[in-house]
Amino acid sequence: MNFCKEQRTLTATFSPTNNLTLPAAWHRLNPIWQGGEEVIRKSLPHSQLAPTWQLLLLGDGSPTRHLELLTGEPTEVDVIDMSLIGMDSDAAPDLIQVVPGPRLRRQVWLRTASGQRLAYATSWWEASHVDEYLQNRSLPIWASLARLRTELYRDVQGIYYGYSPALESGFEVDGPFWGRHYLFWHHGQPLTLIYEVFSPYLTKYLGPMQLNSRD
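Because the structure is predicted, anything quoted here is derived from the model rather than measured.

Caption draft 1: Structural detail: the pattern of salt bridges. Per the counting criterion, the structure on display carries seven salt bridges. Glu-38 is the salt-bridge partner of Lys-42, the closest N and O atoms lying 3.1 Å from each other. Of this pair, Lys-42 and Glu-38 both sit in helix α2 (residues 37-42), four residues apart, which is roughly one turn of the helix. Residue classification places Lys-42 among the exposed residues on the basis of a relative accessible area of 57%. Look at Glu-38 and you get partly exposed, because its relative accessible area is 46%. With a closest N to O distance of 3.1 Å, Glu-76 and Arg-111 form a salt bridge. Of the two residues, Glu-76 is situated in strand β3 (residues 75-86) and Arg-111 in strand β4 (residues 103-112); the sequence distance between them amounts to 35 residues. By relative accessible area, which is 16% here, Arg-111 ends up buried. A single network of salt bridges, built from pairs that share partners, joins Glu-76, Asp-78 and Arg-111.

In structure tokens:
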């Protein structure tokens, strides 16, 4: 893997509180297909998204834990952005409105301990409370919240299939990619909104993203 290229692809940006200009954008997919809560509840045809990929994308389990089980390696985090965005909607899914502001945006790569990038994630938090839940910001969110014994409900609300030049560069593989967004609920209140995109590299473990109609 070309680490010099990685450094050029996405660099960390930490915005001071007195910076009135918004930080660089996060990397959402330009979808060629997308579905909402009803599609997620019913599931997708296997010719569109294979069952193993549906378990990863539509299930309410921890993707970090799933990635560890698939690869046999710890899942590690490269934090590339921790930016204060105030009350801006940040081109995020509409559900950002239920996350109290002012808000902080966090962008990360999820990768194996040996360096293979598996997923990209952006999350939005109430800025005044983020330190309560991400005491060690180099840990995956699941690991941080598990250490605190935080009871959570992962509410998957949207699924996407599309392209992103920045993620093609970061994953070092051509799109299209599958992604999703969901809310974490804690004690009946929205804790954070998360947008995740998974690398096609995972076909090594999950098999093809789509099955032929005769399979």
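Structure shown, so let's carry the discussion forward.
Caption draft 2: Expanded view of the packing of aromatic side chains. If you walk through the whole model with that rule in mind, you get ten aromatic pairs. Here a set of aromatic residues connected by ring pairs shows up, and it is made of Trp-26, Trp-124, Tyr-160 and Tyr-195.

Caption draft 3: View of the pairing of β4. Counting buried residues in β4 gives ten out of ten residues, a clear majority hidden from the surface. Pairing of β3 with β4 involves ten bridges; the strand directions are antiparallel. Each residue of the ladder has a partner; that of Met-82, found in β4, is Arg-106. Bridge count between β4 and strand β5 (residues 117-126): nine bridges; the pairing is antiparallel.

Cut-offs and rules
- Residues numbered from 1 in each chain as written.
- Predicted model: local features only at pLDDT ≥ 70, side-chain atom pairs only at ≥ 80, totals over all residues.
- Heavy atoms only, no water.
- Salt bridge = Lys/Arg side-chain N within 4 Å of Asp/Glu carboxyl O.
- Helix = DSSP H or I, 4+ residues; strand = E, 2+ residues; numbered from the N terminus.
- Buried < 20%, exposed > 50% of the residue type's maximum accessible area, 1.4 Å probe, protein only.
- Phe/Tyr/Trp six-rings, centres within 6.5 Å; stacked < 30°, edge-to-face > 60°.
- Pairing = 2+ DSSP bridges.

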